[in-house]
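Single-letter residue listing:
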Amino acid sequence: MSAKKQHASLFEMEGVPRLSQALPMALQHVVAMIVGCVTPAIIISGAAGISTADRVILIQASLVVSALATLLQLFPIGNRNGLHLGAGLPVILGVSFAYVPSMQAIAEQSGIPAILGAQIVGGICAVLVGLSIKKIRRLFPPLIAGTVVFTIGLSLYPTAINYMAGGSGQPGYGSWQNWVVAIFTLMVVTILNHFSSGFLKLASILVGMIAGYLFSIPFGMVSFSSVGEAGVFQLPQVMHFGISFEASACVALGLLFVINSVQAIGDFSATTSGGLDREPTSSELQGAILGYGVSNIIGAVLGCLPTATYSQNVGIVATTKVVNRVTLGLSALIILVAGLFPKFSALLTTIPYAVLGGATVSVFASIAMTGMKLVMTEDMNYRNTSIVGLAAALGMGVSQASASLSAFPDWVTTIFGKSPVVIATLVAILLNVTLPKHEGK
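First things first, this report covers the structure right here in the doc.

Basis of the calculations
- Residues numbered from 1 in each chain as written.
- Predicted model: local features only at pLDDT ≥ 70, side-chain atom pairs only at ≥ 80, totals over all residues.
- Heavy atoms only, no water.
- Helix = DSSP H or I, 4+ residues; strand = E, 2+ residues; numbered from the N terminus.
- Rg over C-alpha atoms; globule rule 2.2 N^0.38 Å.
- Buried < 20%, exposed > 50% of the residue type's maximum accessible area, 1.4 Å probe, protein only.
- Areas by Shrake-Rupley, 256 points an atom, 1.4 Å probe, with all protein chains shown as cover.
- Lys, Arg positive; Asp, Glu negative; His and termini not counted.
- Charge placed at Lys NZ, Arg CZ, Asp CG, Glu CD.
- Expected span 1.5 Å × (residues − 1).
- Bend = angle between axes of the 7 residues up to and from the residue.
- Disulfide = S-S within 2.5 Å.
- Polar contact = N/O pair within 3.5 Å; in protein donor to acceptor, adjacent residues only side chain to side chain.
- Contact = heavy atoms within 4.5 Å.
- Phe/Tyr/Trp six-rings, centres within 6.5 Å; stacked < 30°, edge-to-face > 60°.
- Arc of directions from axis to C-beta.
- Axes fitted to C-alpha atoms, helices over the stretch in contact; angles between N-to-C directions.
- Parallel < 35°, antiparallel > 145°, perpendicular 65-115°, else oblique.
- Left-handed = near helix turned anticlockwise from the far one by under 90°.

A word on the overall build of the protein
Secondary structure assignment for the protein yields 20 helices and 4 strands. Taken over the C-alpha trace, the protein has a radius of gyration of 21 Å; the compact-globule value for 441 residues is 22 Å, and the two agree within 12%. By its C-alpha atoms, the protein is 75 × 60 × 45 Å across when sized along the principal axes. A total of 441 residues make up the protein; the buried ones form 54% of that total. If you sum the accessible surface of the protein, you get close to 18100 Å²; carbon and sulfur atoms cover 67% of it. Here the protein carries 19 positive and 14 negative side-chain charges, and the mean point of each set is 8 Å from the other.

Next comes the structure, spelled out in structure tokens:
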């Protein structure tokens, strides 16, 4: 057999390429996603007030389940011409920032078990969306999806600022040392984003965090005690955190899962149009969303927070045209191996809050602007600007003044008052359905 037949091209979906070619591309995907994958777990750990050992387990689960969810999307289960789980398209999944605002509210009130219970309900909602995607999809045009993503980005800003100051409630919160480290980290990320290219630009957040981490050590912000206490190898723990079902939490996350199921269509469409020069088929989209729902249900049992497709990795596929599924599968295997070694997860818990804040504030800004770009794909007439403006105003306004709902039952505050995303979504959908679609100025 010729070398061509023995080894597939990186630009072909099927087949096994040379390891020397696949490994650098696989590592590129890992570098692009790993910080975003573990940061939500660190944020929610702080909101829930869990122990360092449990933080390690939550980070470990994030890595392991993200890898398994990615493999399911790359290599579907079931009849590809009939009902199946997974898209069979070149995508990478990781723990999503989109759920963080709502999960923070749930964690503070009911803890991580309530998040995982709501995640199971959300996964079921995603499965239902997958089974009826054509009917539901029209409720979420770019205007609505963009408004939701924009609101998510805005709502994450206070988290980033609190982290830059050292973490709300942490010793030394607001000290000049925290701000110096945070601003240094942000400067490194910004400089790399705008004045570098290739690997440094792609890995700007990772490199910025490493630089900030090293810079913070002389300030006494880093302790390695948790790394010494962590085990060397450990499989994910089933039901470690337990699972509970709180009605208000289930409603909040269930709605988000429906939105993100539809939003995922954008990522899968960007992957196929950028890497394969075509649109995804209805069968691929249905499999993608069904796989998304099922993997999140399984993830909840294993103690992982909600996962979703990663747009930065979609961007890599569209830019490089490397669509080989085995190459992206190698990325998933690297992430899986990293998650099986608790010492690696424990090392991530030693990152100071100031470093996380300095690195992620640009991520949150990017999320907000991604939403705005989606919104701007539609004609911004008076009708559409009213929808976006009112949805964002009511969502952000009520969440910033949640005490205004104190006369209502607690579940009302949990669903509508703690995170702006639910109100923004419902208002945007309602206005889009009811406002006349005549031309406006």
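Next comes the rest of the description.
Description of helix α17 (residues 353-375)
Between its first and last C-alpha, α17 extends 32 Å over 23 residues, near the 33 Å set by a 1.5 Å rise per residue. Residue T360 marks the point of greatest curvature in α17, where the axis turns by about 35°.

Observations regarding the state of the cysteines
Covalent bonding between the sulfur atoms of two cysteines is what defines a disulfide. For the structure on display, the rule yields 0 disulfides. Cysteine C125 remains unbridged, with the sulfur of C250 as its closest cysteine sulfur at 8.8 Å. Looking at C125, the relative accessible area reads 22%, which means it is partly exposed. Not part of a disulfide, C304 finds its nearest cysteine sulfur in C37, a span of 6.9 Å. For C304, a relative accessible area of 0% puts it in the buried group.

Thoughts on the side chain of H84
When you line up the elements, H84 lands in strand β2 (residues 84-85). In terms of polar contacts, H84 uses its side chain to reach the backbone carbonyl oxygen of G86, at 3.3 Å. Among the polar contacts listed, one links the side chain of H84 to the backbone oxygen of S283, at a separation of 3.5 Å. Apart from the residues within four sequence positions on either side, H84 is in contact with P76, I77, G78, N79, S283, G287 and L290.

Looking at the packing of aromatic side chains
Going through the model one piece at a time under the given rule, you end up with 6 aromatic pairs. Judged by centre distance (4.8 Å) and plane angle (85°), the ring pair of Y163 and Y353 falls under edge-to-face. One end of the pair, Y163, is in helix α7 (residues 142-164); the other, Y353, is in helix α17, with 190 residues separating them in the sequence. For the pair Y163 and Y353, a shared accessibility class is recorded, and that class is buried. Aromatic side chains F257 and Y292 sit 5.7 Å apart centroid to centroid with 35° between the ring planes, which places their arrangement in the tilted category. A residue pair is termed long-range when its members are at least 10 positions apart, and F257 in helix α12 (residues 247-276) and Y292 in helix α13 (residues 282-301) qualify at 35 residues. Judged by relative accessible area, F257 falls into the buried class, the value being 0%. Taken together, the ring pairs connect W176, F184, F215 and F219 into an aromatic cluster.

Considering helix α16 (residues 342-349)
Within α16, burial applies to P342, S345, A346, L348 and T349. Axial view of α16: buried residues confined to an arc of 155°, hence all on one face.

Comments concerning the packing of helix α2 (residues 19-48) against helix α4 (residues 100-110)
Across the interface, α2 lies against α4 with an axial gap of 8 Å and an inter-helix angle of 30°. Our classification of the angle between α2 and α4 gives roughly parallel. Both α2 and α4 take part in a crossing whose hand is right-handed. Facing P40, I43, I44, A47 and A48 of α2, the residues of α4 in contact are V100, M103, Q104, A107 and E108.

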